Amino acid sequence: MGSLSRQIMAPWPELENAQPNPNKFIEGDSDPQSNAAAKNKETSKNDSGTPVTKIELLPSCSTVVLIEEPAEVNDPWDLPELRDTGIKWSERDTKGKILCIFQGIGKFLLLLGFLYFFVCSLDVLSSAFQLVGGKVAGQFFSNNSIMANPVAGLVIGVLVTVMVQSSSTSSSIVVSMVASSLLTVRAAIPIIMGANIGTSITNTIVALMQAGDRNEFRRAFAGATVHDFFNWLSVLVLLPLEAATHYLEILTNLVVDTFQFKPGEDAPDILKVITDPFTKMIIQLDKKVIQQIAMNDPAAHNQSLVKIWCKTITNVTQMNVTVPSPDNCTSPSYCWTDGIQTWTIQNVTHKENIAKCQHIFVNLNLPDLAVGIILLTVSLLVLCGCLIAIVKLLGSVLKGQVAVVIKKTLNTDFPFPFAWLTGYLAILVGAGMTFIVQSSSVFTSAMTPLIGIGVITIERAYPLTLGSNIGTTTTAILAALASPGSTLRSSLQIALCHFFFNISGILLWYPIPFTRLPIRLAKGLGNISAKYRWFAVFYLIFFFVLTPLTVFGLSLAGWPVLVGVGVPIILLVLLIVCIRMLQSRCPRILPLKLRDWNFLPLCMHSLKPWDNIISLATICLQRRCCCCCRVCCRVCCMVCGCKCCRCSKCCRDLEEGEEEQDIPVKASGAFDNEVMSKECQDEGKSQVEAIGMKAMSDTTVF
């Protein structure tokens, strides 16, 4: 009985050589290593003298292909580490150091050159849009009865600025109409708000050029659309407030009356001094034509926007002219009759052309639409090429220690307790840079590729963009101060309305961190656009073209139609937003059916079905294109006599239809027995090679 109790109380056999970390192995069917285990059995005694069996377990080798567990997913919004993969400076010899210096100087000069052509292409792009849609934009302004509706005025401002790609052009038209009493300041304020929205499309178009890399596109598109969301959210709050209280009109009127402004000098135009010599060789426009169309001048409809004569002389002479009656005479002393007609003396202006402009299209006599399409195509190609070159150059320059210094300089906050001042300093920097380059579109468009490659964070780009909004309004204020006396008051009041609108928006969406909704919305849109890149184009077309055109069409039908259609849509959107917030915050208070959107068809709450449709359409187009590619490849192979052609790779990839599946093999560190681990790895590799050979055998060259 005592021996039996001792056997029962004996400890479990100790497995001294068993693996302490079972996670190194993957579960699966394994062959027992009985022979090896039996050889390694030993007996020993514990402290109580009881014999204990010692078993040395060798790791088992699975016949199943070992698959790596997926690595942890990194935050896509983290800035990438731009590592320097080249030779270190300390490892270079004298010749290498001199060569590196010259390469750096050459890259810097190339960067300045591409940046110059990038800015020039933006200017030419604006001219192209004005040629294509400038007259139509002027006609939008000609219907004064529609612009009395604030919503219609807002969408007119958006459409006109999108068409002419310049908020300064649309603002100057508004100023001219206000000065001519064709438009009141109250009706002009919504148009200025719309112009503020329309000007943000330029850097969004620039962001589309970085769609090749998903992570770059995610950051670039979010950095561009943070401007859009700021403007749209500001309008959603401030337009109803202005329609109810007219606070912008009252405030700007008070400022103009309090400070006795006098005409001064024009705003310094630093960037134009550099770019005008080149852009004026390509195209020059007569922008007064759009203003004349907006002011219902019938003669302006037949005039071309392409400027022909750059140097003219205006002569004023006194001539005898006939008038209907003596009441129409300029003065009683200059009025006489010959018994049949009444004559008077009037000043007659005669315009004499002296010299033609020196640009490409001055003697071609092409219609405005043809010139606009040519310039639009060329400027977009140059813009895309310059942007790609700038991104590549920045990627090669901003590496290693240089990238670390620049990132720390741009993205680091002030030490506590002054960290909150960093964003306001960024606003001042954005305003100052925009004031220097005289264009918010140029500043934000130049900043977009820096956001894409990861030099500037979205959180830092947001205050820089807000400062850019202020900088472009200060430029408009200085331009208004340079206006003649007849238009000084109206132009200054419009510019101040633009300024206080942006200040009000900043007070709404920046000082308190949780009110910075544009950052969160832009990141959400960036994630969607990175996954479904076609959605970025849909966003541009829907929000900047289709929605304004729809609202404008409803405005033509009158207030009752606009309210009857718009109010239900707005209420539906608000209901969806409320339900979505409840689903994410406290779903328990919702009915079971409303806790998710699965009760709706998939196409109504997911972009996946739409992505499949667009992917099928794209594949069909690619296959048609690939047929042409095959013909070209065959002709090429017949000419050069080669049996295979590199240019036919797209056809092989298209016909294969599936990417090769890489099956990673577990590292040898997971095995204790080196011989067995090598055998298992060889087995895994042979399976991978077999799969690869099968995929290659199934692939067709032509």
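Residues numbered from 1 in each chain as written. Predicted model: local features only at pLDDT ≥ 70, side-chain atom pairs only at ≥ 80, totals over all residues. Heavy atoms only, no water.

The chain carries the name Sodium-dependent phosphate transport protein 2B in an unreviewed UniProt entry, which gives Cricetulus griseus as its organism. What UniProt states about the chain under its Function (unreviewed entry) heading is, verbatim, "Involved in actively transporting phosphate into cells via Na(+) cotransport." (UniProt positions renumbered as here; feature names shortened; annotations may be inferred.)

Caption draft 1: Region of the structure containing the packing of helix H15 (residues 421–437) against helix H17 (residues 458–481). One can describe the packing of H15 onto H17 by two numbers: an axis separation of 6 Å at closest approach and a directional angle of 45°. Classified by the interaxial angle, the pair formed by H15 and H17 is oblique. Viewed along their axes, H15 and H17 form a crossing whose handedness is right-handed. Along its contact with H15, which presents Thr 422, Gly 423, Ala 426, Ile 427, Val 429, Gly 430, Ala 431, Thr 434 and Phe 435, the element H17 presents Arg 460, Pro 463, Leu 464, Leu 466, Gly 467, Ser 468, Ile 470, Gly 471, Thr 472, Thr 474, Thr 475 and Leu 478. By residue class, the composition of the contact of H15 with H17 is 10 nonpolar, 10 polar and one charged. (Axes fitted to C-alpha atoms, helices over the stretch in contact; angles between N-to-C directions. Helix = DSSP H or I, 4+ residues; strand = E, 2+ residues; numbered from the N terminus. Parallel < 35°, antiparallel > 145°, perpendicular 65-115°, else oblique. Left-handed = near helix turned anticlockwise from the far one by under 90°. Contact = heavy atoms within 4.5 Å. Nonpolar A, V, L, I, M, F, W, Y, C, P; charged D, E, K, R; others polar.)

Caption draft 2: Layout of a nonpolar patch on the surface. A cluster of nonpolar residues, Phe 414, Phe 418, Trp 420, Leu 421, Leu 425, Leu 428, Val 429, Met 433 and Ile 436, forms a patch on the protein surface that exposes about 870 Å² of accessible area. Position of Leu 425 relative to the elements: it lies in helix H15. Owing to a relative accessible area of 41%, Leu 425 belongs among the partly exposed residues under this scheme. (Patch = residues over 30% accessible without salt bridge, like charges linked within 9 Å, V, L, I, M, F, W, Y side chains within 5 Å. Areas by Shrake-Rupley, 256 points an atom, 1.4 Å probe, with all protein chains shown as cover. Salt bridge = Lys/Arg side-chain N within 4 Å of Asp/Glu carboxyl O. Buried < 20%, exposed > 50% of the residue type's maximum accessible area, 1.4 Å probe, protein only.)

Caption draft 3: Region of the structure containing the pattern of salt bridges. According to the stated counting rule, one finds three salt bridges in the structure shown. Put simply, Arg 489 and Asp 257 hold a salt bridge, and the shortest N to O gap is 2.8 Å. You can see Arg 489 sitting in helix H18 (residues 485–509) and its partner Asp 257 sitting in helix H10 (residues 247–258), a full 232 residues away along the chain. As a salt-bridge pair, Glu 459 and Lys 523 come within 2.6 Å of each other at their nearest N and O atoms. With Glu 459 in helix H17 and Lys 523 in helix H19 (residues 517–531), this residue pair connects regions lying 64 residues apart in the sequence.

Caption draft 4: Here's a closer look at the packing of aromatic side chains. Inspection of every chain in the model, using the stated rule, returns 20 aromatic pairs. With a centroid separation of 5.6 Å and 40° between ring planes, the pair formed by Phe 535 and Phe 538 is classed as tilted. Separated by three residues within a single helix, Phe 535 and Phe 538 lie in helix H20 (residues 534–556), roughly one turn from each other. Phe 538 gets classed as partly exposed once you look at its relative accessible area, which sits at 40%. One aromatic cluster is present, formed by Phe 217, Phe 221, Phe 229, Trp 232, Tyr 532, Trp 534, Phe 535, Phe 538, Tyr 539, Phe 542, Phe 543 and Phe 544 through successive ring pairs. Seen from the ring of Trp 309, Lys 356 lies directly overhead, with NZ or CZ sitting 5.7 Å from the centre. (Phe/Tyr/Trp six-rings, centres within 6.5 Å; stacked < 30°, edge-to-face > 60°. Lys NZ or Arg CZ within 6 Å of the ring centre and 35° of its normal.)

Caption draft 5: Just the nonpolar core, in detail. Judged by nonpolar contacts, the single largest core of 117 residues is most densely connected at Phe 118, Phe 141, Val 174, Leu 183, Met 193, Ile 283 and Leu 375. Sorting elements by how many residues they give to this core places helix H9 (residues 214–245) first, with 12 residues. Residues within four places of Leu 375 in sequence aside, it is in contact with Val 124, Ala 128, Leu 131, Ile 282, Ile 283 and Phe 361. (Core = buried A, V, L, I, M, F, W, Y, C linked by side-chain atoms within 4.5 Å.)

Caption draft 6: Local environment of the pairing of strand S5 (residues 342–356). Bridge analysis of strand S3 (residues 309–323) against S5 gives 14 bridges, and the strand direction is antiparallel. Across the sheet, residue Lys 311 finds its bridge partner in S5, namely Ala 355. In this structure, strand S4 (residues 335–337) lies alongside S5, joined through three bridges in antiparallel fashion. The residue bridging Trp 336 from the neighbouring strand is Trp 343, located in S5. Hairpin connection from S4 to S5: four residues lie between these consecutive antiparallel strands, with Gly 339 at a positive phi of about 95°. (Pairing = 2+ DSSP bridges.)

Caption draft 7: The arrangement of H20 in detail. Relative to the 33 Å expected for 23 residues at 1.5 Å per residue, H20 spans 32 Å between its end C-alpha atoms, a close match to the ideal helical length. Burial in H20 covers these residues: Phe 535, Ala 536, Tyr 539, Leu 540, Phe 544, Pro 548, Val 551, Phe 552, Leu 554 and Ser 555. After H20 finishes, the residue Gly 558 shows a positive phi value of roughly 110°. (Expected span 1.5 Å × (residues − 1).)

Caption draft 8: Representation of the sheet that holds S4 within the structure. Pairing is antiparallel across the open sheet formed by three strands, whose spatial order is S3-S5-S4. Each edge of the sheet is formed by a strand with only one pairing partner; in this case those strands are S3 and S4. Geometrically, the sheet is characterised by an average inter-axis angle of 40° between neighbouring strands, direction not taken into account.

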